[in-house]
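Geometric and topological summary
Residue-level listing of the chains:
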Amino acid sequence: MPPDDFQESMDSAEDYVLESYIASKRVIDAYKDSIDLDRIFPPSLAMAIRESAFAKSVPPEWYVTCLLPVIASLMGRVSVVAIPSRRYKQAVIVFGLVLGPTGVTKTGVLDEIFYPLMMLDEEFREEYKQKKQEYEDTEDKSELEKPLEYWFYADAATVESLGTKFNPAGGFVQRVDEAEHFFRSLGAYKSSKSQGADALYVNNLWNGTSAVTLRIQDPRVLKNPRINLIAFGHPDATPKAMHEAIGDRQGTDTRGFKARFLMTLKPATLGELTLEAPKADLVEILHRLYGLLARNRVGRPLGDNPYDDVRCFLLSAEAQRLLCQFRRVRNKIMQESNEEAIQAIWPKAESNAIRIAGILHVIYHILADTEPNRIPHSISTETFDAAIQLAVYFARQSEAVFHLNQTGDRDPVAAKVLAALQRKGPTGAKVRDVQGNLSGSGLDKNAIFAALQTLVEDGEVVEIERRFYINDPAVVGSVGAMLGDTPTPETESIQAFSPDVGHVGDAEDFPEITADDVTDVSDWPVDESLDSVLPQQPNKDVESQLGLGVDRLETIPTTTQQSQQPQRQELPELVID
């Protein structure tokens, strides 16, 4: 081999090793990352989600990912105006995707989130039957309005039928228990001209723009559709199915399609059942929340036409300033990394933060007993801060899913061993157990043991009495109890590890925000006091509030560490003429 070719081959091998390491590290970090429920939701809802997740031995992030699309669907045709002077707004539409292996109570989570919606659907169905009968029994129907049959959700639907039947507010949610089948169904039209057309149509639904379908005999017109999706799938099959939904032959960019989904890769655990009565009833809270949203419209008319069926909320002036800083942080992340996952996922992080802010705004006020049609128009900085926390979490999870799909068989041995340990759950595994889990991979005990030792040295795996455990607080925290050992300083530090979000950039490096970037909303009614329902006061300094890192592989700060961070810096005051 000529020297130049040899050097080129060595450089390529080095890039491959680095890429594989980054991919493995990203997936590991995604397993550890978490949402601080008390910072995001009102206390009653945070407690209810936490208790339900504990009872089913699943991450609370699964519940959050399911809940957001449902609330968005009940809000209906609502948008959040981010910066009016720029005519910048986002439709409150959410596509959620939970990835977890088979047999870990995925359907149970869906059922608990959807049971109040099913009860509501049944109530509306009975009312419709009664009104329909009264309408048919009336001889003079000239002054009567024909009753409409409303639909809140579906388990299966074609893309043409989506959005043709709505609840009174105009929203709809489709739940999918097997996501890979849903994504594969989007490629049902396999001709050379239409492959991927369904997925492109779903892209348009995420934007909430009016659409027309002409592939059936009678054209379907969807005016300002508000179609939300929540899907559960397997982490191995679903990313590949998402990629295939678009179709490579068309030369289309699958990255934008993937980035539209709020994904969570957090794994479930093999926990114990509990007979302890819950302190908060999630179904009861959601039934009240769903019912008020289904029977009342929220937001103000968008534009001058009071009869416009699209309504809106507005980011407050301070929240707009926070948005401007968040964009600069996001841009800095993208500028300092050429990773395809970063370039694919982060452009949508801003959009998702704005959409989530509208959902949280409604949740806070309804649970604080504000009448739905009297919810303040202006979204506070605290609410937008919480929305950014969620958007950042989902962006980091999506990065991991992106790498999980892109690396495929190129993952190093350590990644395969780590995945095998994850499947073993909190019981951990010995070397022979991992080898049995990886039967057919061609890996012998020596290779597996070497990979485990590397993972232990890197702090990704913990070894206790010749058994290996994922370095995760939910797993390692129960190991000492199972073995009856006295915790060591190492295990204590592991159990104390409670990651929040990452760390990004220096706030002082951001250019100043001009008055042109911000709209004065002082004339709008401000949010009334929500001290009893709002999460704890957030840090308004974007750097420490986001906690992202330019080095994407650095240790994520813990919740306990946040209290030791430097003094918070307030956003600069703006003087608007």
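Up top is the structure these notes are about.
Residues numbered from 1 in each chain as written. Predicted model: local features only at pLDDT ≥ 70, side-chain atom pairs only at ≥ 80, totals over all residues. Heavy atoms only, no water.

Concerning the overall build of the chain
When helices and strands are tallied, the chain shows 21 helices and 14 strands. A total of 577 residues make up the chain; the buried ones form 54% of that total. By sequence separation, contacts in the chain at least 24 residues apart represent 78% of the contacts at least 6 residues apart. (Helix = DSSP H or I, 4+ residues; strand = E, 2+ residues; numbered from the N terminus. Buried < 20%, exposed > 50% of the residue type's maximum accessible area, 1.4 Å probe, protein only. Contact = heavy atoms within 4.5 Å.)

Points about the sheet that holds strand β8 (residues 227–233)
Pairing is parallel across the open sheet formed by 5 strands, whose spatial order is β4-β5-β8-β3-β9. Strands with a single pairing partner mark the edges of an open sheet, and in this sheet they are β4 (153–154) and β9 (261–264). Note: strand β3 (residues 95–99) against β9, 4 bridges, orientation parallel. Along β9, the bridge assignment pairs Phe 95 with Phe 261. On the sheet, helix α4 (residues 60–75) packs against β3, β5 (172–176), β8 and β9 and is oriented at approximately 160° with respect to β8. (Pairing = 2+ DSSP bridges. Axes fitted to C-alpha atoms, helices over the stretch in contact; angles between N-to-C directions.)

A few points about the packing of aromatic side chains
Inspection of every chain in the model, using the stated rule, returns 9 aromatic pairs. Taking the centre distance of 5.3 Å and the plane angle of 45° together, the rings of Phe 95 and Phe 261 count as tilted. Of this pair, Phe 95 sits in strand β3 while Phe 261 sits in strand β9; the two residues are 166 residues apart in sequence, bridging distant segments of the chain. Neither residue differs from the other here; Phe 95 and Phe 261 are each classed as buried. Ring centres of Phe 124 and Phe 152 lie 5.0 Å apart, and the angle between their planes is 75°; on these two criteria the pair is classed as edge-to-face. Of this pair, Phe 124 sits in helix α5 (residues 106–137) while Phe 152 sits in the loop between α5 and β4, and the two are 28 residues apart along the sequence. Linked through ring pairs, Phe 95, Phe 182, Phe 183, Phe 257 and Phe 261 together constitute an aromatic cluster. Sitting above the plane of the Trp 151 ring, Arg 125 keeps its charged end 4.5 Å from the centroid. (Phe/Tyr/Trp six-rings, centres within 6.5 Å; stacked < 30°, edge-to-face > 60°. Lys NZ or Arg CZ within 6 Å of the ring centre and 35° of its normal.)

Quick look at the pattern of salt bridges
For the structure shown, the criterion picks out 14 salt bridges. The network of salt bridges with shared partners includes Asp 121, Arg 125 and Glu 149. (Salt bridge = Lys/Arg side-chain N within 4 Å of Asp/Glu carboxyl O.)

Comments concerning the environment of Thr 209
Within the secondary structure layout, Thr 209 lies in the loop between α7 (197–207) and β6 (211–213). Residue classification places Thr 209 among the partly exposed residues on the basis of a relative accessible area of 40%. A sequence separation of 15 residues divides Thr 209 from Asn 224, and the C-alpha atoms of the two residues are 5.1 Å apart.

A short note on the environment of Arg 297
Structurally, Arg 297 can be placed in the loop between α10 (282–295) and β10 (300–301). Once the C-alpha coordinates of Arg 297 and Arg 311 are considered, the two residues, 14 residues apart in sequence, prove to be 8.6 Å apart. Residues in contact with Arg 297, not counting those within four places in the same chain, are Asp 308, Asp 309, Arg 311, Pro 372 and Asn 373. Of the polar contacts made by the side chain of Arg 297, one reaches the backbone oxygen of Asp 309; its length is 3.0 Å. (Polar contact = N/O pair within 3.5 Å; in protein donor to acceptor, adjacent residues only side chain to side chain.)

Topic: helix α3 (residues 43–56)
Taking 1.5 Å as the rise per residue, α3 with 14 residues should run 20 Å; its terminal C-alpha atoms sit 20 Å apart, in good agreement. Along α3, the positions that sit buried rather than exposed are Leu 45, Ala 46, Ala 48, Ile 49, Ser 52 and Ala 53. Angularly, the buried residues of α3 cover 165° about the axis, an arc narrow enough to put them on a single face. As for α3, its buried residues are in contact with α2 (37–40), α4, α5, α10 and α13 (349–367). Once α3 ends, the next one or two residues include Ser 57, with phi positive near 55°. (Expected span 1.5 Å × (residues − 1). Arc of directions from axis to C-beta.)

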